[in-house]
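Okay, here's what each chain looks like letter by letter:
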Amino acid sequence: MTQETDFYAQMLESQRRAAEQRVETRAALLSELRALGVTGIEVQYEGYGDSGNVEDVVVTLDTITLAEDLRRRIEDFGWDFAYALSPGFENNEGGYGELTWALEADKIDVSHSNRYVETNTTEHEGL
């Protein structure tokens, strides 16, 4: 096996394990959040300049306050889930988005936007 093939195989294996971990984390969070009476979660994230983070987590049912550990796990899950769909969005001008998780139906929607710079150059020489 060549070094390139080996690297590619390792990358695919890493992606497969990450996908399995997201499935496991989703199931665990779903169970915990439903037990608390949470019906929806919204995770707002943003990245640019080679870094990024979750900006906010909004819980449907204002009367519920999440424990810090649970909130952190939701942030990590939201970031990982969104990043798997739009890898590298934290680079350059970056991107941002919102993951909305309807817990009753276990349905996740992600709205993601990438930023970019557009340049229009006109040159006139030897007129």
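Residues numbered from 1 in each chain as written. Predicted model: local features only at pLDDT ≥ 70, side-chain atom pairs only at ≥ 80, totals over all residues. Heavy atoms only, no water.

S.K.: Mind showing me how you'd approach the overall build of the protein here?
M.R.: Along its length, the protein carries 2 helices and 4 strands. Start at the N end of the protein and walk to the C end: the helices and strands fall as α-β-β-α-β-β. Relative to the globule expectation of 14 Å for 127 residues, the C-alpha radius of gyration of the protein, 19 Å, shows a markedly less compact shape. Dimensions of the protein, computed from C-alpha atoms along their principal axes, come out at roughly 75 × 45 × 25 Å. Relative to its 127 residues, the protein shows a buried fraction of 25%. Between the mean site of the 10 positive side-chain charges and the mean site of the 26 negative ones, the protein shows a separation of 9 Å. (Helix = DSSP H or I, 4+ residues; strand = E, 2+ residues; numbered from the N terminus. Rg over C-alpha atoms; globule rule 2.2 N^0.38 Å. Buried < 20%, exposed > 50% of the residue type's maximum accessible area, 1.4 Å probe, protein only. Lys, Arg positive; Asp, Glu negative; His and termini not counted. Charge placed at Lys NZ, Arg CZ, Asp CG, Glu CD.)

S.K.: Explain the nonpolar core to me, please; I cannot follow it from the model alone.
M.R.: Buried together is how nonpolar side chains tend to be arranged in soluble globular proteins. Grouped together as the largest cluster of nonpolar side chains are 23 residues, with contacts concentrated most on Leu33, Ile41, Leu66, Ile74 and Trp101. At the level of secondary structure, the elements contributing two or more residues to this core comprise helix H1 (3–36), strand E1 (40–48), strand E2 (51–60), helix H2 (68–85) and strand E3 (95–102). No other element matches the 6 residues that H2 contributes to this core. Beyond its immediate chain neighbours, meaning those up to four positions away, Trp101 contacts Arg26, Leu29, Leu30, Leu33, Thr39, Gly40, Ile41, Phe77, Asp106, Lys107 and Ile108. (Core = buried A, V, L, I, M, F, W, Y, C linked by side-chain atoms within 4.5 Å. Contact = heavy atoms within 4.5 Å.)

S.K.: Hey, could you run me through the pairing of E1 in this one?
M.R.: Note that E1 and E2 share 9 bridges and pair antiparallel. Bridge pairing links Ile41 to Val59 in E2. In this structure, E1 lies alongside E3, joined through 8 bridges in antiparallel fashion. Bridged to Tyr45 within E3 is Gly97. (Pairing = 2+ DSSP bridges.)

S.K.: Just to check I follow, could you spell out H2 for this structure?
M.R.: Because each turn of an α-helix spans 3.6 residues, side chains separated by three or four positions end up pointing in the same direction. For H2, spanning 18 residues, the distance from its first C-alpha to its last is 26 Å, which sits close to the expected 26 Å at 1.5 Å a residue. Those residues of H2 lying buried are Leu70, Ile74, Phe77, Gly78, Trp79, Phe81 and Ala82. (Expected span 1.5 Å × (residues − 1).)

S.K.: Please explain unusual backbone geometry as it appears in this structure.
M.R.: As a rule of thumb, non-glycine residues mostly have phi less than zero, and peptide bonds are mostly trans rather than cis. Positive phi outside glycine occurs at Asp50, with the angle close to 75 degrees. Relative to the elements of secondary structure, Asp50 occurs in the loop between E1 and E2. Here Asp106, not a glycine, exhibits a phi torsion of approximately 50 degrees, which is positive. When you line up the elements, Asp106 lands in the loop between E3 and strand E4 (107–114).

S.K.: What am I meant to see in the packing of aromatic side chains here?
M.R.: Working definition: an aromatic ring pair is given by the centre-to-centre distance plus the angle between the planes. Within this structure, the stated rule accounts for 7 aromatic pairs. Summarising the aromatic geometry, the rings of Trp79 and Tyr83 are spaced 6.2 Å apart at their centres and angled 20 degrees between planes, so their arrangement reads as stacked. Of the two residues, Trp79 and Tyr83 are both situated in helix H2; the distance of 4 residues between them amounts to about one turn of the helix. Exposure remark for Tyr83: the relative accessible area of 27% places this residue in the partly exposed category. On the basis of an interplanar angle of 50 degrees and a centroid distance of 5.7 Å, the ring pair of Tyr83 and Phe89 is categorised as tilted. Three or more aromatic residues joined by ring pairs form one cluster here, namely Tyr45, Trp79, Tyr83 and Phe89. (Phe/Tyr/Trp six-rings, centres within 6.5 Å; stacked < 30°, edge-to-face > 60°.)

S.K.: Got a minute to help me understand the pairing of E3 in this structure?
M.R.: Successive side chains on a regular strand alternate, one facing one side of the sheet and the next facing the other. Covered by surrounding structure in E3 are Gly95, Gly97, Leu99 and Trp101 only, the residues Tyr96, Glu98, Thr100 and Ala102 on the alternate face being uncovered. Counted along the chain from E3 to the antiparallel partner E4, the turn is 4 residues long, and its residue Asp106 has a positive phi close to 50 degrees.

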